[in-house]
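Spelled out, the chains give:
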Amino acid sequence: MTTQEELNATIADLVQPRKGILAADESSPTIAKRFKAVGVESTEATRREYRSIIISTPGLGEHISGVILFEETLEQLSLEDIAIPKLLASQGIVPGIKVDQGKGPLVNAPGDEITYGLDGLAARLEHYKAMGARFAKWRDVFHISDTLPSFQAIKSNAEVLARYAAVCQSMGIVPIVEPEVLIDGNHTIERAAEVSEDVLLEVFKALHRHRVNLECMVLKPSMVTPGKESGKASPEQVAEATLSVFRRVVPAAVPGIFFLSGGQTPEESTENLNALNSMGYHPWELSFSYGRALQEPAQKAWAGKLENAGSAQAAMKKRARLNSLARSGDYLG
Ligand code: 13P
């Protein structure tokens, strides 16, 4: 297959009717935080057990087209000693890999952050591809305040995101482009809309600058919501605010917009996705690429005990199924 044929095939496998992506790519500190919330210590063995259980959920491939993995999991064997990418492929699910290397302060921009990971990226991708990964993910993070994010942060993060996407495509790996506008804070939904528009506009300018093939990428953005400390907006308000921004700045050439859940509860993120898909015409597929909103109930059900595997899988299957309904506007609550 040529590189272009590889990209086309992966996009076709990822962006499918009724399916979304499971983000199971928490870094070691993040998964430790999630496990602590359910009283489990994070060790290589507990991470392997938990991730092996959820990925083996019977019928997961009916609702999930791709799973984003952390490097450790890509190279792990399941509890039945099957390589994780092979296990996913046997469920008809495309294995993907998180390739950014976290974030830190952006110098001379107090309060803003920049994502790391471009150095050595091509060599890492080559290795991941040999292990079975067919798509990748890179996350930029933007904090909202009255003054943040600075233009410097928006522009610098957009630049690295586009450079990552270009490298991925040159190697036949579909890039998930994730500019996360954080939900933390007491800002209004209008302020979130303003920041999201500024961020997405610069991201697409940078993607254009770096000649990224928009038809062969997936956008993974935040929904436009008020800050976590400002109370909730209704699903219709979230959908309206999100689509107004996206119509202005996300080209119709992008095949799929797969939202992150970003701290919304599992139920909220399903209701909001359903509202987005119920609100008239939009040129892209609107789906989910949730981490917490798909996994929280499964983590609670597992609680570090192998004998709870069946309940954890039932919880995972339930959230995947409900979000797959919401992805077509068919979720009835
Ligand atoms: P959440 O859905 O928990 O925000 O995670 C998605 C993700 O991949 C963040 O990078």
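Residues numbered from 1 in each chain as written. Predicted model: local features only at pLDDT ≥ 70, side-chain atom pairs only at ≥ 80, totals over all residues.

A. Main features of the overall build of the protein chain. When you go through the protein chain residue by residue, the secondary structure sums to twelve helices and ten strands. Taken against the 2.2 N^0.38 rule, which gives 20 Å for 333 residues, the C-alpha radius of gyration of the protein chain at 19 Å falls within 12% of a compact globule. Across its three principal directions, the C-alpha atoms of the protein chain cover 50 × 45 × 40 Å. (Helix = DSSP H or I, 4+ residues; strand = E, 2+ residues; numbered from the N terminus. Rg over C-alpha atoms; globule rule 2.2 N^0.38 Å.)

B. Molecular detail of the site of the ligand. Residues in close proximity to the ligand include Ala23, Arg139, Glu178, Leu260, Ser261, Gly262, Tyr290, Gly291, Arg292 and Ala293, which together make up its full environment. A per-class count over the shell around the ligand returns four nonpolar, three polar and three charged. (Near = placed C-beta within 6 Å. Nonpolar A, V, L, I, M, F, W, Y, C, P; charged D, E, K, R; others polar.)

C. Representation of the packing of helix H10 (residues 266-278) against helix H12 (residues 309-326) in the model. The geometry of H10 relative to H12 is characterised by a closest axis approach of 8 Å and an angle of 20° between their N-to-C directions. On the basis of their axis angle, the class for H10 and H12 is roughly parallel. Between H10 and H12, the residues in contact are Pro266, Thr270, Leu273, Asn274 and Asn277 and Arg319, Leu322, Asn323 and Ala326, respectively. A per-class count over the contact of H10 with H12 returns four nonpolar, four polar and one charged. (Axes fitted to C-alpha atoms, helices over the stretch in contact; angles between N-to-C directions. Parallel < 35°, antiparallel > 145°, perpendicular 65-115°, else oblique. Contact = placed C-beta atoms within 7 Å.)

D. A look at the nonpolar core. Core analysis: the largest hydrophobic core is formed by 92 residues, its most contacted members being Val67, Ala136, Leu161, Ala165, Val174, Val203 and Met217. Those residues in contact with valine 203 that sit more than four places away from it in its chain are Ala158, Leu161, Val177 and Pro179. (Core = buried A, V, L, I, M, F, W, Y, C linked by C-beta atoms within 7 Å. Buried ≥ 20, exposed ≤ 12 C-beta atoms within 10 Å, placed from the backbone.)

E. Representation of the environment of histidine 282 in the model. Tracing the chain through its elements places histidine 282 in the loop between H10 and strand S10 (285-290). Distance from histidine 282 to arginine 247, taken between C-alpha atoms, is 7.9 Å for residues 35 residues apart in sequence.

F. The arrangement of the pairing of strand S9 (residues 256-259) in detail. Burial of the side chains of S9 extends over both faces: Gly256 and Phe258 are buried on one face and Ile257 and Phe259 on the other. Here two bridges tie strand S8 (residues 218-219) to S9, and the two strands are oriented parallel to one another. Bridge pairing in S9 links leucine 219 to isoleucine 257. Remark: the S8/helix H9 (residues 235-249)/S9 crossover connection has right-handed handedness. In this sheet, S10 lies alongside S9 in parallel orientation, the contact comprising four bridges. Following the sheet pairing, isoleucine 257 is matched in S10 by leucine 286. Tracing the backbone out of S9, into H10 and back to the parallel element S10 gives a crossover that is right-handed. (Pairing = 2+ DSSP bridges. Right-handed = clockwise from strand over helix to strand, strands pointing away.)

G. Focus on unusual backbone geometry. Cis geometry is found at the peptide bond from leucine 148 to proline 149, where omega equals -5°. For proline 149, the position within the fold is in the loop between strand S6 (135-142) and helix H7 (151-170). The backbone phi angle of arginine 18 is positive, close to 70°, even though this residue is not glycine. Here arginine 18 is to be found in the loop between helix H1 (3-14) and strand S1 (20-24). On the neighbour-count criterion, arginine 18 (15 C-beta atoms within 10 Å) is partly exposed. One non-glycine residue, alanine 303, lies in positive phi territory at about 50°. One can find alanine 303 in the loop between helix H11 (292-302) and H12.

H. Quick peek at the sheet that holds S9. Taken together, eight strands build a closed barrel; the order of strands is S1-S2-S3-S6-S7-S8-S9-S10 and the barrel is parallel. Both strand S7 (residues 174-181) and S8 contribute to a ladder of two bridges, which runs parallel. In the sheet register, valine 177 faces S8, and the bridge partner there is leucine 219.

I. Structural detail: H1. For H1, spanning twelve residues, the distance from its first C-alpha to its last is 17 Å, which sits close to the expected 16 Å at 1.5 Å a residue. Taken residue by residue, H1 has Leu7, Thr10 and Leu14 as its buried positions. The buried residues of H1 all sit within an arc of 70° when viewed along its axis, so they share a single face. Summarising the geometry of H1, the exposed residues directed more than 90 degrees from the buried face are Gln4, Glu5 and Ala12. (Expected span 1.5 Å × (residues − 1). Arc of directions from axis to C-beta.)

J. Here's a closer look at the pairing of S6. The buried count for S6 comes to seven of eight residues, which makes it a mostly enclosed element. Chirality of the crossover, the property in question, places the unit of S6, H7 and S7 among those that are right-handed.

K. Molecular detail of the confidence of the model for the protein chain. The predicted model of the protein chain averages 98 in pLDDT, with 100% of residues at 70 or higher. Scored as a whole, the predicted complex attains pTM 0.98, and scored at its interfaces, ipTM 0.93. (pLDDT = per-residue confidence, 0-100.)

L. A look at the environment of glycine 39. Position of glycine 39 among the secondary structure elements: in the loop between helix H2 (28-37) and helix H3 (44-55). For the pair glycine 39 and phenylalanine 151, spaced 112 residues apart in sequence, the C-alpha separation works out to 41 Å. What glycine 39 contacts, discounting residues up to four positions off in sequence, is Ala303 and Gly304.

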